[in-house]
Amino acid sequence: MSDQPARWTRATVYPDMWMDPDDDPRDNEGPGPDGELPTLREAITNYRLTLRLKCDGLDPEQLARRSVPPSTMSLLGLVRHLAEVERDWHNWITDGEPLPKLYGARDADFHGAVADQAVVDAAFADLEREQAALDATLARHSDDLGRRLGRQNLAVREVLVHIIDEYARHCGHADLLRECVDGRVGQ
């Protein structure tokens, strides 16, 4: 008997997918949106949803499990890390005093990802709040994607692309972490 979970998916239409197309909340059907800003926003929305899907149905212990030793990564750690990333980008494009780190010292987002329902709930609330704050700030400047913002003098377009990059990388990690936790696979 193996300690490795059996690979599985909920999909019945395409066995390599996470779920059937009709059940997928991401907008992947038909032509994409017209224009640069709607395309970038759709990509961000879909990656944010993908992270949530990869965490769906797991209990606090499974979310906090560091399933690829010696890495400190866990799905819960990724949620906390991406909340921190959203806050960092918001801090970089605003002129005011930066908000403090959510979780403290370097790698505290991963080290503090423990199997406790209160920690899980707080992490998802932090992520949602930080996403909304960054989205609101970017929306005020979305009429010109080349506009430079904040102390870092970053273009709105640059921030949007970096957010996509960050989520894309970590959704890849989430794929592997989830498969190690309970064997579920798919896009």
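To be clear, the structure that these remarks concern was listed above.
Here the structure is a predicted model, which means the values were calculated and not measured.

*Asks:* Summarise unusual backbone geometry; cite the residues concerned and give the values.
*Replies:* The residue after Pro69, namely Pro70, is reached through a cis peptide bond having omega 5°. In the Ramachandran plot, Asp107 falls in the positive-phi region, its phi being about 70° despite a non-glycine side chain. One can find Asp107 in the loop between α3 (75–93) and α4 (108–111). Taking the relative accessible area as the measure of exposure, Asp107 reaches 33% and is therefore partly exposed. Its identity as a non-glycine residue notwithstanding, Asn153 has a phi of 55°, on the positive side. You can see Asn153 is positioned in the loop between β1 (148–149) and β2 (154–155). The class for Asn153 is partly exposed, based on a relative accessible area of 45%.

*Asks:* Report on a negative patch on the surface, specifying residues and quantitative values.
*Replies:* On the surface, Asp22, Asp23, Asp27 and Glu29 cluster together into a patch of negative charge. Inspection of the secondary structure assignment puts Asp22 in the segment before α1 (36–55). You can call Asp22 exposed: its relative accessible area is 78%.

*Asks:* Which residues make up the side chain of His90, and what values do they have?
*Replies:* Structurally, the position occupied by His90 is in helix α3. Of the residues examined, His90 reaches a relative accessible area of 14% and is grouped as buried. The residues contacting His90, other than those within four sequence positions of it, are Ala133, Leu134 and Thr137.

*Asks:* Outline the side chain of Gln131, supporting the account with residue identities and numerical values.
*Replies:* With respect to the element layout, Gln131 can be found in helix α5 (residues 117–139). Contact partners of Gln131, with chain neighbours within four places excluded, come to Arg48, Glu86 and Tyr167.

Conventions and cut-offs
- Residues numbered from 1 in each chain as written.
- Predicted model: local features only at pLDDT ≥ 70, side-chain atom pairs only at ≥ 80, totals over all residues.
- Heavy atoms only, no water.
- Helix = DSSP H or I, 4+ residues; strand = E, 2+ residues; numbered from the N terminus.
- Buried < 20%, exposed > 50% of the residue type's maximum accessible area, 1.4 Å probe, protein only.
- Patch = residues over 30% accessible without salt bridge, like charges linked within 9 Å, V, L, I, M, F, W, Y side chains within 5 Å.
- Areas by Shrake-Rupley, 256 points an atom, 1.4 Å probe, with all protein chains shown as cover.
- Salt bridge = Lys/Arg side-chain N within 4 Å of Asp/Glu carboxyl O.
- Lys, Arg positive; Asp, Glu negative; His and termini not counted.
- Charge placed at Lys NZ, Arg CZ, Asp CG, Glu CD.
- Contact = heavy atoms within 4.5 Å.

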